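Read off the chains here:
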Amino acid sequence: MSDTNTRRVISVIVMNESSVLARVTSMFAARGYNIESLTVAPIPNSDKSHITIETQGNARVMEQITKQLHKLIPVYKVIEHEEMVEKEMVLVKFPIAENLSDIASLASAYNGGIVNVGKEMVVAQVADEPRRVKHFIEAAERYNPCEIVRGGVVAIER
Amino acid sequence: MQMSGAQMVCEAIIAEGVKTVFGYPGGAIMHVYDEIYKQDGFEHILTRHEQAAVHAADGYARATGEVGVAMVTSGPGFTNAVTGLATAYMDSIPLVVISGQVPLSLIGTDGFQEIDAVGISRPCTKHNFLVRSLEELPRILKEAFYLARSGRPGPILVDIPKDITVDIGEFNYPDSVHIPSYKPTYKGNNRQIEKAVEAIKKAKKPLLYIGGGAVLSNAYKLIRELAEKTQIPAVETLMARGVMGAKNPLLLGMLGMHGNYASNMAMSETDLIISLGARFDDRVTGKLSEFAKYADIIHVDIDPANIAKLVDVDYPIVGDVSTVLKKMLPLLDDVNTARYQAWRDILKRYDELHPQSYVDSDEVIKPQWAIERLGELVGEDAIITSDVGQHQMWAAQHYPFDRPRQWINSGGLGTMGFGLPAAIGAKRAYPEKTVINITGDGSILMNVQELITAAEYKVPVINVILNNHFLGMVRQWQTFFYEKRYSETDLSFQPNWKALAEACGGIGYDVTTKEEFDAALEDAIKQNKVCFMNVAVNRFENVLPMVPAGGALFNMMLPPKTEENGGEK
Ligand SMILES: Cc1ncc(C[n+]2csc(CCOP(=O)(O)OP(=O)(O)O)c2C)c(N)n1
């Protein structure tokens, strides 16, 4: 089995009940697995929730993560994404003194734009592939961002 | 029918056919205890510690194969029970533990005796529930019993806030459960089974590797049939002692850290491991990179997460051992047993070269002798429980276990203090059987208060204390790996064992000779009272063979053939 660590995105469909998220995250913590990012929300018109976990590990670890997740009683389904559409959102706050049109065109280059303008700050939003979100954040550094909030990955199988 | 939550708990226990519940009351669970007082569907045994209540329910479950039930109060009652839950969890024992909780309105306020029971027990239960309304209580109780015994069994905690036990509501105990996200696989994939059978027929040096799952699956007859039919030799893990039966010529013995030479060599040289309900624990495999280097692996396990967790598996079969063997056996009708003759011969020679042995003495009782003697005197009839340490390993090595569920010990967690309460549970399940707890002078003190329970409820379990005045197993490691610095393992300061037993309504025997041993055991069985047999054994005896932790399985320290000169006495 391959020993190289690879990044993986997993979707976990769970019963939407109290403490189910704790069960999932404490399994990761107890067995020493990584969580890079995590998002969770109810699935519309159902009693289920969709958890998306971005993680890392070699093949054996990934197999164990999937199996250990399956073992949790309220887990319906574990999808190890292969062919997926992946998006992440980020909100960045800039001082109003920065060049707003530069910021606006930067954000729009990454499928986003300015979503709020206040007295002292503007907020830009970008939703794109995680790799591109990273690039956006790097590029935004130039405009002295005062706060960056990343949303974690969501994914759907193609 | 309308009833209180507390009554529902009792009704569910009765509906599940549970005859004995072990527990300890307190504020948050008092309404349930009030209902226990009024009912006569099951008996309740008041242990003297919550840990012991869970171990007793566990011993009951291991002896019978049924779900054991324990009941505790919130806060400290629950935290005391955690070691019991963890012990059962590590060995996949079906339990339902019911704990009281502070009323719903107080949850999260750091109320008196409030503790996050589901949070604490999450990693040491198969599943747990905090009941949030009376309406869901019957369903949760039903699911708890179902989850405990189905699939890979395990302990389930049901934490019930006090106000829910008071509330009155409609009780309809469900006939069946519906948990769409939980579907254990019992059957085993046919194609995989066929492939595994082909591998068996092609192998030259196959080996049956039998684990605790074989006991849980009640598969011993099928496994004996498999061995008989194929003439493939077998090794057992600590948890599987009794599955093959001690007299079975195909059984090589126990493997692992304290396995015998032939078993560990068989595992090192086999070309095909047929793993039946075993999980490649580190105490079994030794150094993984050296483990069974030449072998392909067939792994039958009901828990997919056990498969390929530690070793790469060539023929994974997710399923119940019994169900899988029922499919496998007919496919082996044409197996050529002569094919494995050379292999059997090699293993026979290994066993003759280094049999499981010890050097007996006329001056002092050797612990191994005591175990063998017990085997001769009570043998097949007795149920043996044990604590944790050297005595446990000697019992596993030397007692002639003849059937599964005859040997009850804490393998996965290694919990000192397990033996006496577990013996109480087993004896309650089988009052007509002799139940013996093989223990050490360290372990027995970790739940010694249960002498009172045994005396009060007339549960005459026999505690054979192999007394080496040491925390012997730790002392052994200090001898081998810490240059004999006996840090905090000397137990020379001892209680008066006989007086201690008598103070609690039992009997005590001080045993220093073989004659006294026989006489004490005979009297203990006759007296039918809980007792201590305090057996003075050779202080510096070591458990051998031994594979040092992290070493390769074939690198064993072997037992001496004659008494070593200058050895510590
Ligand atoms: C609750 C608990 N604490 C500590 C240990 C570590 N431990 C393992 S064996 C052992 C010594 C046991 O001594 P004793 O019961 O006298 O048995 P012996 O080894 O002498 O037969 C200890 C301390 C343990 N297994 N369980």
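For clarity, every value in this text was computed on a predicted model and none was experimentally measured.

Colleague: Explanation requested: the overall build of chain A in the structure shown.
Modeller: The number of helices and strands found in chain A is four helices and eight strands. Taking the principal axes of its C-alpha atoms as reference, chain A extends roughly 55 × 40 × 30 Å. Counting every position in chain A, which comprises 158 residues, the buried fraction comes to 41%. Of the roughly 8,200 Å² that chain A leaves accessible, carbon and sulfur atoms contribute 51%. For chain A, the separation between the mean place of its 18 positive charges and that of its 20 negative charges on side chains is 4 Å.

Colleague: Explain the packing of helix 3 (residues 50–64) of chain B against helix 4 (residues 76–90) of chain B to me, please; I cannot follow it from the model alone.
Modeller: For any two helices packed against each other, the geometry is given by the interaxial angle and the distance between the axes. Residue and element names in this part refer to chain B. At a minimum axis distance of 7 Å, the contact between helix 3 and helix 4 shows a crossing angle of 30°. Comparing their axes, helix 4 and helix 3 come out roughly parallel. By crossing handedness, the relation of helix 3 to helix 4 is classed as right-handed. Residue-level inspection shows Glu50, Gln51, Val54, His55, Asp58 and Arg62 of helix 3 in contact with helix 4, the latter providing Gly77, Asn80, Ala81, Thr83, Gly84, Leu85, Thr87 and Ala88. A class-by-class count of the residues in the contact of helix 3 with helix 4 yields four nonpolar, seven polar and three charged.

Colleague: Sorry if this is basic, but what is going on with the domain arrangement of chain B here?
Modeller: A common way to express how large an interface is: the accessible area buried when the components associate. Residues and elements named next belong to chain B. Per the domain assignment, the segments of chain B are domain 1 (2–170), domain 2 (190–353) and domain 3 (367–536). Each of domain 2 and domain 3 has a C-alpha centre, and these two points are 31 Å apart. Across the domain 2 to domain 3 interface the summed buried area is about 1,500 Å²; carbon plus sulfur atoms make up 58%. Contact with domain 3 buries surface across domain 2, with Leu238, Arg241 and His258 losing the most and accounting together for 40% of the total.

Colleague: Which parts of the structure should I look at to understand the packing of aromatic side chains?
Modeller: Working definition: an aromatic ring pair is given by the centre-to-centre distance plus the angle between the planes. Overall, the coordinates contain 17 aromatic pairs over all chains when judged by the stated rule. Here tyrosine 209 of chain B and phenylalanine 280 of chain B contribute two aromatic rings whose centre-to-centre distance is 5.0 Å and whose plane-to-plane angle is 70°, an arrangement assigned as edge-to-face. With tyrosine 209 of chain B in strand 9 (residues 206–210) and phenylalanine 280 of chain B in the loop between strand 12 (272–276) and helix 12 (282–285), this residue pair connects regions lying 71 residues apart in the sequence. The exposure class assigned to phenylalanine 280 of chain B is buried, which follows from its relative accessible area of 2%. Ring geometry for tryptophan 497 of chain B versus phenylalanine 532 of chain B: centroids 5.8 Å apart, planes at 70°, classification edge-to-face. Taken together, the residues span a long stretch of sequence, with tryptophan 497 of chain B in helix 20 (residues 497–503) and phenylalanine 532 of chain B in strand 20 (residues 531–536) at a distance of 35 residues. Of the two residues, tryptophan 497 of chain B and phenylalanine 532 of chain B, neither departs from the other in class, the shared state being buried. What links up through ring pairs into an aromatic cluster is the set Tyr209, Phe280 and Phe291 of chain B. Above the face of the tyrosine 76 of chain A ring, lysine 48 of chain A is positioned so that its terminal group lies 4.6 Å from the ring centre.

Colleague: Help me out: how do you make sense of the interface of chain B and chain A in this one?
Modeller: Across the contact, 21 residues belong to chain B and 18 residues belong to chain A. Both sides of the chain B and chain A interface together cover about 1,600 Å² of buried area, and 50% of this is carbon and sulfur. Of all residues in chain B, Arg122, His127 and Ser181 of chain B give up the largest surface area on contact with chain A, accounting jointly for 35% of the area buried on that side. The tally of links between chain B and chain A comes to two salt bridges. Where aspartate 312 of chain B meets arginine 60 of chain A, a salt bridge forms, and the shortest distance between an N and an O atom there is 2.3 Å. Viewed at the interface, chain A and chain B are joined by 10 residue pairs in polar contact (both at pLDDT 80 or more). Looking at the side of chain B that touches chain A, its residues break down into 11 nonpolar, three polar and seven charged.

Colleague: Explanation requested: the site of the ligand in the structure shown.
Modeller: Residue and element names in this part refer to chain B. Around the ligand, a shell composed of 17 residues is seen, among which Gln390, His391, Gly442, Ser443 and Gly472 lie nearest. Contacts to the ligand include glycine 414, whose backbone N or O atom sits 2.9 Å from a nitrogen atom. In the model, a nitrogen atom of the ligand is placed 3.4 Å from a nitrogen or oxygen of the methionine 416 main chain. Burial of the ligand by the protein amounts to 76% of the accessible area it has alone, namely 590 Å². Put simply, the parts of the chain that give the shell around the ligand at least two residues each are helix 16 (390–398) and helix 19 (472–481). By residue number, the principal contributor to the shell around the ligand is helix 19, which donates three residues.

Colleague: Would you mind going over helix 19 of chain B with me for this structure?
Modeller: Along an α-helix, residues three or four apart share an orientation, since each turn contains 3.6 residues. All names here are of chain B. For helix 19, the complete set of buried residues consists of Gly472, Met473, Arg475, Gln476, Gln478 and Thr479. Summarising the contacts, the buried residues of helix 19 are in contact with helix 16. Positive backbone phi, at 50°, marks glutamate 483, one or two positions downstream of helix 19.

Colleague: Would you explain the packing of helix 8 (residues 190–202) of chain B against helix 13 (residues 321–331) of chain B in this entry?
Modeller: All names here are of chain B. Running from amino to carboxyl end, helix 8 crosses helix 13 at an angle of 50°, the nearest separation of the two axes being 10 Å. Comparing their axes, helix 13 and helix 8 come out oblique. The interaxial crossing formed by helix 8 with helix 13 has right-handed handedness. Here helix 8 contributes Asn190, Ile193, Glu194, Ala196, Val197, Ile200 and Lys201 to the contact with helix 13, which in turn contributes Val324, Lys327, Met328 and Leu331.

Colleague: Honestly, the nonpolar core in this entry has me stumped. Any pointers?
Modeller: The nonpolar side chains of soluble globular proteins are, as a tendency, buried together. Residues and elements named next belong to chain B. In this structure, Phe22, Leu95, Val97, Ile408, Val461 and Phe532 are the most contacted members of the largest nonpolar core, which totals 45 residues. Contributions of two or more residues to this core are made by helix 3, strand 4 (68–72), helix 4, strand 5 (95–101), helix 17 (419–429), helix 18 (450–456) and helix 20. Here this core takes seven residues from helix 3, the largest share from any one element. Mapped onto the domain boundaries, this core takes at least three residues apiece from domain 1 (2–170) and domain 3 (367–536).

Colleague: Explain the domain arrangement of chain A here, please?
Modeller: Residue and element names in this part refer to chain A. We note that the domain assignment places domain 1 (6–82) and domain 2 (85–157) within chain A. Placing the centre of domain 1 and that of domain 2 at their C-alpha centroids yields a distance of 27 Å. Of the residues lining the interface, 11 residues belong to domain 1; the matching set on domain 2 comes to nine residues. Summing the contributions of domain 1 and of domain 2, the shared interface buries around 670 Å²; its carbon and sulfur component is 52%.

Colleague: Sorry if this is basic, but what is going on with helix 10 (residues 220–230) of chain B here?
Modeller: All names here are of chain B. Along helix 10, the residues that are buried comprise Leu222, Ile223, Leu226, Ala227 and Thr230. Buried residues of helix 10, seen end-on, are gathered within an arc of 140° and therefore sit on one face of the element. Across from the buried face of helix 10, at angles greater than 90 degrees, the exposed residues are Lys221 and Glu228. Check the buried side of helix 10 and you find it contacts strand 9, helix 9 (212–216), strand 12, helix 13 and helix 14 (341–353). At the C-terminal side of helix 10, glutamine 231 shows a positive phi close to 60°.

Colleague: Just to check I follow, could you spell out the confidence of the model for chain B for this structure?
Modeller: When pLDDT drops low, the exact placement of atoms in the prediction is not to be read closely. Considering every residue of chain B, the mean pLDDT works out to 97; 99% of them sit at 70 or more. Among the scores for the predicted complex, ipTM is 0.91 and pTM is 0.96.

Colleague: Hey, could you run me through a nonpolar patch on the surface in this one?
Modeller: A cluster of nonpolar residues, Met89, Leu91, Val115 and Val149 of chain A, forms a patch on the protein surface that exposes about 300 Å² of accessible area. By the element assignment, methionine 89 of chain A lies in strand 5 (residues 84–95).

Colleague: Can you help me understand the pattern of salt bridges in this one?
Modeller: Opposite charge on two side chains permits pairing when their charged atoms draw close. All names here are of chain B. Counting across every chain of the model gives 41 salt bridges over all chains. With a shortest N-O distance of 3.4 Å, arginine 283 and aspartate 282 are connected by a salt bridge. Judged by its relative accessible area of 43%, arginine 283 falls in the partly exposed class. Note on aspartate 282: relative accessible area 51%, which makes it exposed.

So, how was this worked out
- Residues numbered from 1 in each chain as written.
- Chains lettered and ligands numbered in written order.
- Predicted model: local features only at pLDDT ≥ 70, side-chain atom pairs only at ≥ 80, totals over all residues.
- Heavy atoms only, no water.
- Helix = DSSP H or I, 4+ residues; strand = E, 2+ residues; numbered from the N terminus.
- Buried < 20%, exposed > 50% of the residue type's maximum accessible area, 1.4 Å probe, protein only.
- Areas by Shrake-Rupley, 256 points an atom, 1.4 Å probe, with all protein chains shown as cover.
- Lys, Arg positive; Asp, Glu negative; His and termini not counted.
- Charge placed at Lys NZ, Arg CZ, Asp CG, Glu CD.
- Axes fitted to C-alpha atoms, helices over the stretch in contact; angles between N-to-C directions.
- Parallel < 35°, antiparallel > 145°, perpendicular 65-115°, else oblique.
- Left-handed = near helix turned anticlockwise from the far one by under 90°.
- Contact = heavy atoms within 4.5 Å.
- Nonpolar A, V, L, I, M, F, W, Y, C, P; charged D, E, K, R; others polar.
- Domains from an automatic or database assignment.
- Buried area = accessible area lost by both parts, 1.4 Å probe.
- Phe/Tyr/Trp six-rings, centres within 6.5 Å; stacked < 30°, edge-to-face > 60°.
- Lys NZ or Arg CZ within 6 Å of the ring centre and 35° of its normal.
- Salt bridge = Lys/Arg side-chain N within 4 Å of Asp/Glu carboxyl O.
- Polar contact = N/O pair within 3.5 Å; in protein donor to acceptor, adjacent residues only side chain to side chain.
- Near = heavy atom within 4 Å.
- Core = buried A, V, L, I, M, F, W, Y, C linked by side-chain atoms within 4.5 Å.
- Arc of directions from axis to C-beta.
- pLDDT = per-residue confidence, 0-100.
- Patch = residues over 30% accessible without salt bridge, like charges linked within 9 Å, V, L, I, M, F, W, Y side chains within 5 Å.

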